[in-house]
Amino acid sequence: MGVSAYQFERWNPKAETSWAWRVYKKHNIEFQRMYTSFDTGKKYTYRNLGKNGAQKSDDICKHLEFEYPWEFKNFRDLDDWTSAFNDLENWMNLNALVAILSNLETYIATIVPLALESDVGVLYGVPRRIDGIEILKHGKDKPFNFEDIVLSCTKGAWGSRILAYERAFGRVPKFLKDHVSELDLMRNLRNNVAHAFGREISSSRISGQIKTLPILRLSRAKLLKYQAIVWNATKSIDNHLYNIHIGEYQSLIFYHELYPSLNHNVHQSMRAIELRKKIGQFGVESQGREFCKGLVAYYEAI
């Protein structure tokens, strides 16, 4: 392990982002890999159809392979198949938006209660005055329940979500306020995809008709624009909650859970050595000796 003189500071985190953000980022990369593979596959398919001199009126079996007869019977010709393939791309875009927003909401549902646990005094207008790790250490089992606040921050129109966030933390990142209309457009589109097979919800539930409504459209360019907004919205939340209300709380939680298994009959510097050995297992980079000594001293003094 490298030697580091970095000191433990409860409210000044060493890492640039929260662990919740790092999980969000991994999910985002996973999505990008799948989405990019589809896009490159589409380009490769069309390029090779062009090289093979394919014509719109061609029988699709001339260029494509099918496992079952009912599959190719759904298409009149190659032009009809192309139309369906383009619809598939639109369907991919719509469902990609569902995934992007689900990732955002999962992140918020993780980071908001974490920030409140860490800095519970913020609910009473006294941020950084009540350390959540002290409550966790000396209080009853499962001392925190912020379910209602989390629900208010992740459900409903974005205007109401932002108000709930502001009531909890006293302020809202500017980026969220500046992009509330786009976030709400995405929310409505996501609901239509998730609950009405890609159609406008109220219109799709009119009884007495068998004609299907056209699927809502979402271009690749608009999807990537929405993805950038969600990415920056998430980053703005992380910058706020992690740096102001969370700090090194998760490192303290790790030590809190490790503490019962350690030898309490030796000097705390020995427990700091054990912490230094094990903290990397939690998915964060290895910490220096001075940081671990400071964390142990802080936790054991409260």
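Preceding block: the structure.
I will try to describe carefully the structure that is included in this document. (Residues numbered from 1 in each chain as written. Predicted model: local features only at pLDDT ≥ 70, side-chain atom pairs only at ≥ 80, totals over all residues. Heavy atoms only, no water.)

Notes on the overall build of the protein
Argument step 1. Per the secondary structure count, the protein includes 13 helices and zero strands.
Argument step 2. Put simply, the protein runs from its N terminus to its C terminus through helices and strands in the order α-α-α-α-α-α-α-α-α-α-α-α-α.
Argument step 3. Taken over the C-alpha atoms alone, the protein extends approximately 80 × 45 × 30 Å along its principal axes.
Argument step 4. By the burial criterion, 41% of the 302 residues in the protein qualify as buried.
Argument step 5. In the protein, the proportion of contacts linking residues at least 24 apart, taken out of those at least 6 apart, comes to 70%.
Argument step 6. Distance from the positive charge centre (41 side chains) to the negative charge centre (34 side chains) of the protein: 3 Å. (Helix = DSSP H or I, 4+ residues; strand = E, 2+ residues; numbered from the N terminus. Buried < 20%, exposed > 50% of the residue type's maximum accessible area, 1.4 Å probe, protein only. Contact = heavy atoms within 4.5 Å. Lys, Arg positive; Asp, Glu negative; His and termini not counted. Charge placed at Lys NZ, Arg CZ, Asp CG, Glu CD.)

Focus on the packing of aromatic side chains
Argument step 1. Taken as a whole and assessed by the stated rule, the structure comprises 18 aromatic pairs.
Argument step 2. With a centroid separation of 5.5 Å and an interplanar angle of 70°, the aromatic rings of Phe8 and Phe291 are classed as edge-to-face. Of the two residues, Phe8 sits in the segment before helix H1 (19–51) while Phe291 sits in helix H13 (residues 289–301), which places them 283 residues apart along the sequence. With respect to class, Phe8 is no different from Phe291; both count as buried. (Phe/Tyr/Trp six-rings, centres within 6.5 Å; stacked < 30°, edge-to-face > 60°.)

Some remarks on the packing of helix H11 (residues 249–258) against helix H12 (residues 268–278)
Argument step 1. At a minimum axis distance of 11 Å, the contact between H11 and H12 shows a crossing angle of 115°. Considering their axes alone, H11 and H12 lie roughly perpendicular with respect to each other. The two elements H11 and H12 meet at a crossing, and its hand is right-handed. Contacts from Phe254, Tyr255 and Leu258 in H11 reach Arg271, Leu275 and Lys278 in H12. (Axes fitted to C-alpha atoms, helices over the stretch in contact; angles between N-to-C directions. Parallel < 35°, antiparallel > 145°, perpendicular 65-115°, else oblique. Left-handed = near helix turned anticlockwise from the far one by under 90°.)

Some words on the nonpolar core
Argument step 1. Judged by nonpolar contacts, the single largest core of 65 residues is most densely connected at Ile111, Phe169, Leu241 and Leu275.
Argument step 2. Looking at this core, the element that brings in the most residues is helix H3 (residues 78–118), giving 14 residues.
Argument step 3. The next biggest cluster of nonpolar side chains, apart from the first, holds seven residues, and it includes Leu49, Ile60, Leu78 and Trp81. (Core = buried A, V, L, I, M, F, W, Y, C linked by side-chain atoms within 4.5 Å.)

Notes on a nonpolar patch on the surface
Argument step 1. Side chains of Leu123, Tyr124, Val126 and Ile130 sit close together on the surface and give an oily, nonpolar patch of about 340 Å² of accessible area.
Argument step 2. Positionally, Val126 belongs in the loop between H3 and helix H4 (132–138).
Argument step 3. A relative accessible area of 31% means that Val126 is categorised as partly exposed. (Patch = residues over 30% accessible without salt bridge, like charges linked within 9 Å, V, L, I, M, F, W, Y side chains within 5 Å. Areas by Shrake-Rupley, 256 points an atom, 1.4 Å probe, with all protein chains shown as cover. Salt bridge = Lys/Arg side-chain N within 4 Å of Asp/Glu carboxyl O.)

Comments concerning unusual backbone geometry
Argument step 1. Despite not being glycine, Arg128 shows a phi value in the positive range, around 65°.
Argument step 2. Note on placement: Arg128 falls in the loop between H3 and H4.

Things to note about the pattern of salt bridges
Argument step 1. Inspection of the entire model under this criterion finds 15 salt bridges.
Argument step 2. Between Lys42 and Asp39 there is a salt bridge whose closest N-O contact spans 3.8 Å. Of this pair, Lys42 and Asp39 both sit in helix H1, three residues apart, which is roughly one turn of the helix.
Argument step 3. What makes Asp39 buried here is its relative accessible area of 6%.
Argument step 4. Here Glu89 ties to Lys42 by a salt bridge, and the two come within 3.0 Å at their closest N and O atoms. With a gap of 47 residues between them, Glu89 in helix H3 and Lys42 in helix H1 connect regions that are remote in the sequence.
Argument step 5. Owing to a relative accessible area of 15%, Glu89 belongs among the buried residues under this scheme.
Argument step 6. Ionic contacts of the salt-bridge type, sharing partners, join the residues Asp39, Lys42, Lys43, Glu89 and Arg220 into one network.

Side note on the environment of Glu30
Argument step 1. Positionally, Glu30 belongs in helix H1.
Argument step 2. When the C-alpha atoms of Glu30 and Asn188 are compared, they prove to be 24 Å apart, with 158 residues separating the residues in sequence.

Topic: the packing of H3 against helix H10 (residues 220–246)
Argument step 1. Where H3 meets H10, the closest approach of the two axes is 10 Å, and the angle between their N-to-C directions is 5°. On the basis of their axis angle, the class for H3 and H10 is roughly parallel.
Argument step 2. Residue composition of the contact of H3 with H10, grouped by class: 17 nonpolar, five polar and two charged. (Nonpolar A, V, L, I, M, F, W, Y, C, P; charged D, E, K, R; others polar.)

With respect to the environment of Val230
Argument step 1. Checked against the element boundaries, Val230 lands in helix H10.
Argument step 2. The spatial distance from the C-alpha of Val230 to the C-alpha of Ser261 is 41 Å, given a sequence separation of 31 residues.

Some details on helix H6 (residues 158–169)
Argument step 1. For H6, with 12 residues, the first-to-last C-alpha span of 16 Å sits near the 16 Å given by 1.5 Å per residue.
Argument step 2. Among all positions in H6, only Trp158, Arg161, Ile162, Ala164, Tyr165, Ala168 and Phe169 are buried. All buried residues of H6 lie within an arc of 160° about the axis, which places them on one face of the element.
Argument step 3. In the segment just after H6, Gly170 is the residue with positive phi, at about 90°. (Expected span 1.5 Å × (residues − 1). Arc of directions from axis to C-beta.)

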